[in-house]
Amino acid sequence: MKKCLMLISITLNIFLIIIDWCQWDIIYKLNERYNHLISGLFFYFILLMKFIIVILIIIGITGMYINRKKVSAIIVAILFMCNIALQSFVPVSETYVKINFKIQATNRQKIISMFDSGNVSISQRDENSYLLPLNIRLASHDGEITVNNEKIMFFVHRGIFKNSAVIYSPDTNISEEEFGFKIDKSLILEPNWCAVFFQSS
């Protein structure tokens, strides 16, 4: 039973990471196939599932501690805290954003070239939002970009509490009104490129 608790807790931790990696891909496909209501409901279902998994992990750690499996409880607790940090704090750090900026530079440049040439071959969701095809979907965390006044925003991380994004701008002057959020922090990455950090609405 004690070994089973540890195995279940570790499995739930891994499952939590997999959900975070895959949720936006699933939401993206639901958007394409059905409508925004279905994908919106699925998003809240994912939040509920994450909450339940977190509660189960905490119960598992408590159960191991009560059953005097303190070493196992500490191992799972450390894994759980690393998991939370990986999903909540790392993606909104300057280092993570800079690494992501380098990795996705080619995909983002392809998208910018589309808009510069006027040959935009990606699906338009609404007046300012576009859904990226699968081959360049990783250019934005949730597969969606926002375009306003020749400025293009790519999400690096879209979380429950905090978001991070990189914005291409011909003049690098970003106003909060253009994208509809309050910027907590911003930094210049390269000419015409800046990173922004802001609260989830």
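Residues numbered from 1 in each chain as written. Predicted model: local features only at pLDDT ≥ 70, side-chain atom pairs only at ≥ 80, totals over all residues. Heavy atoms only, no water.

Draft legend 1. How the structure looks around the pairing of strand S5 (residues 162-168). Buried residues dominate S5, accounting for six of its seven residues. Both strand S4 (residues 151-158) and S5 contribute to a ladder of six bridges, which runs antiparallel. The partner of Ile152 across the bridge, within S5, is Tyr168. Note: S5 against strand S7 (residues 193-199), seven bridges, orientation antiparallel. (Buried < 20%, exposed > 50% of the residue type's maximum accessible area, 1.4 Å probe, protein only. Helix = DSSP H or I, 4+ residues; strand = E, 2+ residues; numbered from the N terminus. Pairing = 2+ DSSP bridges.)

Draft legend 2. Structural view of the side chain of Asn107. Positionally, Asn107 belongs in helix H5 (residues 105-117). Separated by 2.9 Å, the side chains of Asn107 and Gln104 make a polar contact. Among residues more than four places away in sequence, those in contact with Asn107 are Asn135, Ile136 and Ala139. (Polar contact = N/O pair within 3.5 Å; in protein donor to acceptor, adjacent residues only side chain to side chain. Contact = heavy atoms within 4.5 Å.)

Draft legend 3. Representation of the pairing of S7. Along S7, six of the seven residues are buried, which leaves the element largely enclosed by surrounding structure. Note that strand S6 (residues 183-190) and S7 share six bridges and pair antiparallel. Among the inter-strand pairings, Glu190 is bridged to a residue of S7, identified as Trp193. Taken together, S6 and the strand that follows it, S7, pair antiparallel across an intervening segment of two residues, in which Asn192 is found at a positive phi of about 75°.

Draft legend 4. Local environment of the pattern of salt bridges. For the structure shown, the criterion picks out two salt bridges. Among the salt bridges present, the one from Glu94 reaches Lys185, with a minimum N-O distance of 3.3 Å. Here Lys185 lies in strand S6 and Glu94 lies in helix H4 (residues 94-103), a separation of 91 residues in the sequence. Judged by relative accessible area, which is 32%, Glu94 ranks as partly exposed. A salt bridge links Lys102 to Glu190; the shortest N-O distance between them is 3.3 Å. A residue pair is termed long-range when its members are at least 10 positions apart, and Lys102 in helix H4 and Glu190 in strand S6 qualify at 88 residues. For Lys102, a relative accessible area of 57% corresponds to the exposed category. A residue is classified by how much of its surface remains accessible, and Glu190, at 32% relative accessible area, is partly exposed. (Salt bridge = Lys/Arg side-chain N within 4 Å of Asp/Glu carboxyl O.)

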